[in-house]
Amino acid sequence: MKPGSPRLEDLIVLLSRSKDLGLGAIVLDGLTREEILSSNLDSGVELGRTGGETVVDQSFSGTSAGVEVVSEMNYEVLEETAGHCQKCALCEKRNRVVFADGHRDARLMIIGEAPGAKEDQAGIPFVGHAGKFLDLLLASVSLSRKDSVYICNVLKCRPPANRDPLPDEIAMCAPYLTQQIALVAPEVILAVGTFAAQFLTGKKLPLGKLRGSTYSYKGVPLVITYHPAALLRNSGWTRPTWEDFQLLRKIMG
Ligand code: URA
């Protein structure tokens, strides 16, 4: 964590005192990256807006090489195939392919951005600082990764030095995620961070504009929130994140 960043302990206190929190400016790093997901983002179809909730459905055209095959794989074959993937240059520097963690029959599927250094070593998503904070956020709404969640990322391999995923990397990896969602068939999806949110909604909007609504990804309710790593850098996003988790909990019942 950078010097001056809020400590986890402070954030726990902030979370437990959500009513007292002030709203900070909501500006995610890299909001101007208009080219993000350019190969996937035009397929989102807005179905309607009721009571402040936007409903979006999306079907991907699946133009990436190999998508037809991937879309017919069962879970074991999909994981095995992703584990040997060489479709983009990220395979050259990765230590481990990071496919998923949690239960395949979980009601909630959480989708992040890409593995970091710790995840690349462990082969498990969200095991670093951001992951610990995500676990804490889940605990605040009585959910636990151990019991009730399936977690994966848009990218299965770590981008060098944790740089942002590139549009072609996302396009090449997309069939794995699309099939993963189809096979896990979650009741609810939580997208954490800009890349997952834009991928799943098909909307090239800043996260601050995307969050706060309930979407539909191929019929599955989709909630969007800040990436825990971004939240660790800006505690002003704590209150909206708290609200997003309350919305998630409400949808899950
Ligand atoms: N950030 C992510 O988006 N995913 C991980 O697995 C770890 C950090």
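Conventions we followed
Residues numbered from 1 in each chain as written. Predicted model: local features only at pLDDT ≥ 70, side-chain atom pairs only at ≥ 80, totals over all residues. Pairing = 2+ DSSP bridges. Helix = DSSP H or I, 4+ residues; strand = E, 2+ residues; numbered from the N terminus. Contact = placed C-beta atoms within 7 Å. Axes fitted to C-alpha atoms, helices over the stretch in contact; angles between N-to-C directions. Buried ≥ 20, exposed ≤ 12 C-beta atoms within 10 Å, placed from the backbone. Expected span 1.5 Å × (residues − 1). Arc of directions from axis to C-beta.

Asks: How should the sheet that holds strand β7 (residues 215–217) be read in this particular structure?
Replies: Paired through backbone hydrogen bonds, the strands of a sheet run either parallel or antiparallel to each other. Overall, mixed pairing links the six strands, which are arranged β3-β5-β4-β6-β8-β7 in an open sheet. Each edge of the open sheet carries a strand with a single partner, namely β3 (101–102) and β7. Note that β7 and strand β8 (residues 220–225) share three bridges and pair antiparallel. The partner of Ser216 across the bridge, within β8, is Pro221. Each of β4 (108–112), β6 (188–192) and β8 touches helix α12 (residues 238–252); the most contacted strand, β8, lies at about 165° to it.

Asks: Which parts of the structure should I look at to understand unusual backbone geometry?
Replies: For residues other than glycine, phi is negative in most cases, and the peptide bonds are mostly trans. Non-glycine residue Ala185 carries a positive phi angle of around 50°. Inspection of the secondary structure assignment puts Ala185 in the loop between α8 (167–184) and β6.

Asks: Explain the environment of Lys204 here, please?
Replies: Turning to its location among the elements, Lys204 is positioned in the loop between α9 (194–201) and α10 (207–210). By the C-beta count within 10 Å, which is 18 here, Lys204 ends up partly exposed. Taking C-alpha positions, Lys204 is 9.0 Å from Thr194, a pair spaced ten residues apart along the chain.

Asks: How should I be thinking about helix α6 (residues 129–140) in this particular structure?
Replies: Residue pairs spaced three or four apart in an α-helix point in one direction, given the helix's 3.6 residues per turn. For α6, built from twelve residues, the straight-helix expectation of 16 Å at 1.5 Å per residue is met to within 8% by its first-to-last C-alpha distance of 17 Å. Of all the positions in α6, only Ala130, Gly131, Phe133, Leu134, Leu137 and Leu138 are classed as buried. Around the axis of α6, the buried residues are gathered within 160° of arc, so they sit on the same side. With its phi angle positive at about 60°, Ser142 sits one or two positions after the end of α6.

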